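Chain and residue survey
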Amino acid sequence: MVDWRIYALGSALFAALTAILAKIAVVDVESNLATFIRTVVILALCAVAVTVRGAWAFETLSPRALRMLIFSGIATGLSWLCYFKALQAGPASRVAPIDKLSVVFVVLLAVVFLREPFTFKVGAGALLITAGAVLMAV
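These remarks concern the structure in this document. (Residues numbered from 1 in each chain as written. Predicted model: local features only at pLDDT ≥ 70, side-chain atom pairs only at ≥ 80, totals over all residues. Heavy atoms only, no water.)

Attention shifts here to the pattern of salt bridges. With the rule as written, the count across this model stands at two salt bridges. For Asp-3, the salt bridge goes to Arg-5, with nearest N and O atoms at 3.0 Å. Across the pair Asp-99 and Lys-100 runs a salt bridge whose closest N-O atoms are separated by 3.2 Å. You can call Asp-99 partly exposed: its relative accessible area is 25%. (Salt bridge = Lys/Arg side-chain N within 4 Å of Asp/Glu carboxyl O. Buried < 20%, exposed > 50% of the residue type's maximum accessible area, 1.4 Å probe, protein only.)

Next up, the structure:
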């Protein structure tokens, strides 16, 4: 089994590519249309991944899990719409650091809603991410 950190690094790399490729695209395309096209591609890619893994098992979804996935999808869609609009209006090198403040929001929300521990190391890291985002965005 691949360590979760490898997947997290892959996520960061592909998120960086997303910013660069999207910034190039939204020069000529309305940001909401760009988000829609990207979403259709993601839907197809995910369908292939689920098919390859043989994971079409809707019966395993509890009503609570389904509800949380729907809310998560709404949050993702709103995030993407905002992100693409920000990329259309601003430089990718300044939009991306502000977007990464999501890490700080995750830490805070995880402490409140998931009861995850807020340690000195976690707090210091969140503070440094915030400082870096502010420094790069201004």
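As a further point, take the nonpolar core. Counting nine residues, the largest nonpolar core is built from Ala-19, Ala-22, Val-26, Ala-34, Tyr-83, Phe-84, Leu-87, Ala-92 and Val-95. Only helix 1 (4-25), helix 3 (63-89) and helix 4 (92-99) provide two or more residues apiece to this core. When neighbours within four sequence positions are excluded, Tyr-83 is seen to be in contact with Thr-18, Ala-19, Val-95, Ala-96 and Asp-99. (Core = buried A, V, L, I, M, F, W, Y, C linked by side-chain atoms within 4.5 Å. Helix = DSSP H or I, 4+ residues; strand = E, 2+ residues; numbered from the N terminus. Contact = heavy atoms within 4.5 Å.)

Our focus in this paragraph is unusual backbone geometry. Unlike most non-glycine residues, Arg-115 shows phi in positive territory, near 60°. Summarising the element assignment, Arg-115 is placed in the loop between helix 5 (102-113) and helix 6 (120-137). Given a relative accessible area of 68%, Arg-115 falls into the exposed group.

Okay, the side chain of Ser-31 next. Among the structural elements, Ser-31 can be located in helix 2 (residues 31-53). Setting aside residues no more than four positions away along its own chain, Ser-31 makes contact with Val-26, Phe-84, Lys-85 and Gln-88.

As a further point, take helix 1. Counted at 1.5 Å a residue, the expected span for helix 1 with its 22 residues is 32 Å, and the 31 Å between its end C-alpha atoms agrees. Looking only at helix 1, the buried set comprises Gly-10, Ala-19 and Ala-22. On its buried side, helix 1 packs onto helix 3 and helix 4. (Expected span 1.5 Å × (residues − 1).)

For the structure on display, the rule yields two aromatic pairs. A centroid spacing of 5.8 Å and a plane angle of 40° characterise the contact between Trp-56 and Phe-58, whose relative ring orientation is tilted. What makes Trp-56 partly exposed here is its relative accessible area of 48%. We note Arg-38 situated over the ring of Trp-80; from NZ or CZ to the ring centre the distance is 4.4 Å. (Phe/Tyr/Trp six-rings, centres within 6.5 Å; stacked < 30°, edge-to-face > 60°. Lys NZ or Arg CZ within 6 Å of the ring centre and 35° of its normal.)

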